[in-house]
Amino acid sequence: MIICCGEALIDMLPRKTQAGEAAFAPYAGGAVFNTAVALGRLGTPVQFFSGLSSDLFGDKLRDVLTESHVDSSPAHVSDRPTTLAFVRLTNGHASYAFYDENTAGRMLTEADLPPITADALFFGGISLPVEPCGEAYKALIMREAPTRLTMIDPNIRPGFIRDEAAYRARLNAMLAVADIVKISDEDLHWLTGDSDGAILLGNAATQVVLLTRGAEGVTVITRRGQFDVAAQRAEVVDTVGAGDTFNAGFLTGLDRAGLLTKAGVAQATDDQLRAAAALGARAAAITVSRAGANPPWSREL
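Residues numbered from 1 in each chain as written. Predicted model: local features only at pLDDT ≥ 70, side-chain atom pairs only at ≥ 80, totals over all residues. Heavy atoms only, no water.

Another aspect to go through is the state of the cysteines. What the rule picks out here adds up to zero disulfides. Looking at the unpaired Cys-5, the closest cysteine sulfur is the one in Cys-4, lying at 7.1 Å. Among the cysteines around Cys-133, which has no disulfide bond, Cys-5 carries the closest sulfur, lying 12 Å off. (Disulfide = S-S within 2.5 Å.)

We now examine the environment of Asp-55. Along the chain, Asp-55 turns up in the loop between β5 (51–53) and α2 (56–67). Residues Asp-55 and Ile-221, 166 residues apart in the sequence, show an inter-C-alpha distance of 43 Å. If near-sequence neighbours (up to four positions away) are discounted, Asp-55 is found in contact with Arg-62, Arg-80, Pro-81 and Thr-82. There is a polar contact of 3.1 Å between the side chain of Asp-55 and the backbone nitrogen of Phe-57. A polar contact of 2.8 Å, which involves the side chain of Asp-55, links it to the side chain of Thr-82. (Helix = DSSP H or I, 4+ residues; strand = E, 2+ residues; numbered from the N terminus. Contact = heavy atoms within 4.5 Å. Polar contact = N/O pair within 3.5 Å; in protein donor to acceptor, adjacent residues only side chain to side chain.)

Moving on to the pairing of strand β9 (residues 120–124). Counting buried positions along β9 gives five out of five residues, so the element sits mostly inside the fold. Of the two faces of β9, the one holding Ala-120, Phe-122 and Gly-124 and the one holding Leu-121 and Phe-123 are both buried throughout. Direction of pairing for strand β1 (residues 2–5) relative to β9: parallel, over a ladder of four bridges. Counted as the bridge partner of Ile-2 is Ala-120 from β9. (Buried < 20%, exposed > 50% of the residue type's maximum accessible area, 1.4 Å probe, protein only. Pairing = 2+ DSSP bridges.)

Following the sequence through the fold, Arg-213 ends up in the loop between β12 (208–212) and β13 (218–222). Polar contacts involving the side chain of Arg-213 include one to the side chain of Thr-219, which spans 3.0 Å. A distance of 3.4 Å separates the side chain of Arg-213 from the side chain of Asp-228, its partner in a polar contact. For Arg-213, the residues in contact, after removing those within four places along its chain, are Asp-185, Val-218, Thr-219 and Asp-228.

Applying the stated criterion across every chain, the model contains two cavities of 30 Å³ or more. Empty space within the largest cavity amounts to approximately 60 Å³. Grouping the amino acids of the lining of the largest cavity by side-chain chemistry returns four nonpolar, three polar and three charged. A volume near 30 Å³ is recorded for the second largest cavity. If you go around the second largest cavity, the residues you meet are Ala-8, Gly-51, Leu-52, Ser-53, Leu-61, Pro-81, Thr-82, Thr-83, Ala-104 and Gly-105. With three residues, β5 is the largest single contributor of residues to the lining of the second largest cavity. Its residues assigned to classes, the lining of the second largest cavity comprises five nonpolar, five polar and no charged. (1 Å grid on protein atoms, 1.4 Å probe; cavity = no way out; pocket = protein on both sides within 12 Å on 5 of 7 lines; lining within 4 Å. Points joined across faces, edges and corners; volume = space filled by probe spheres on them. Nonpolar A, V, L, I, M, F, W, Y, C, P; charged D, E, K, R; others polar.)

Glancing now at the nonpolar core. In this structure, Cys-4, Phe-33, Phe-48, Ile-180, Leu-210, Phe-250 and Leu-254 are the most contacted members of the largest nonpolar core, which totals 46 residues. For this core, the element with the highest residue contribution is helix α1 (residues 31–41), accounting for six residues. For Ile-180, the residues in contact, after removing those within four places along its chain, are Leu-149, Thr-150, Met-151, Ile-152, Val-208, Leu-210, Phe-250, Leu-254 and Val-265. Counting 39 residues, the second largest nonpolar core, distinct from the first, contains Ala-139, Phe-160, Ile-161 and Leu-171. (Core = buried A, V, L, I, M, F, W, Y, C linked by side-chain atoms within 4.5 Å.)

Below, the structure is given as structure tokens:
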């Protein structure tokens, strides 16, 4: 069992009305939410923890989780509003304007943290730079990392960061205890000023770094060395949810190989890690071939 810990929101995606007018359509989203949905659709037992609203958008989020076989019972539900993200697409690449003040997800606190029974925890996304939820997620990974497998994908959105020093301190503390770090080349440069993902292996806990490079694929880095896994060719509609789906595919690969533990990841062979990354790449290729964050079901692979 994997529990995904982080934001759920509504992506307002640009569309055209029948009259040809510009409009926005609401779709369930959020980086960590997308990873949970992708895990459920790939057949991996998964739970979701976040602050969810009791409003109509919160109902939509819970409905999508249920339809995708994700258990949302650990989530903390309140009457605060749901976070909205208005999306602009430029040549298939997404940029965002977030509306997040005083929302159900943003106002999550350490007092709302659930008991954990899952084997592994996944963290990331826009929940980490903001208060008070960022500190709540930090407290959760610090509490659970000594005994459970943890993975983090920072998925850094510089425009969403208000206190860069606090965010860097929190993120560095979380990265230091994570067993698996997935990070894009752009995020790595923002965080470290470096292009070599091996720098993150300086954290004693970290066993695997997944450095993604868009259409060029992913570099899998361990203490033994590194190797590349090619991206799957696809007709790109947009890239919304691509990295999130890759995360789910990689974790699913580990789960299917019986490696979803701290010891399992530390002892995983290059072939086992290559197979997990390849599964992530295949799943991500399907996601980019259709509009919005719409991860594939296992039967589509």
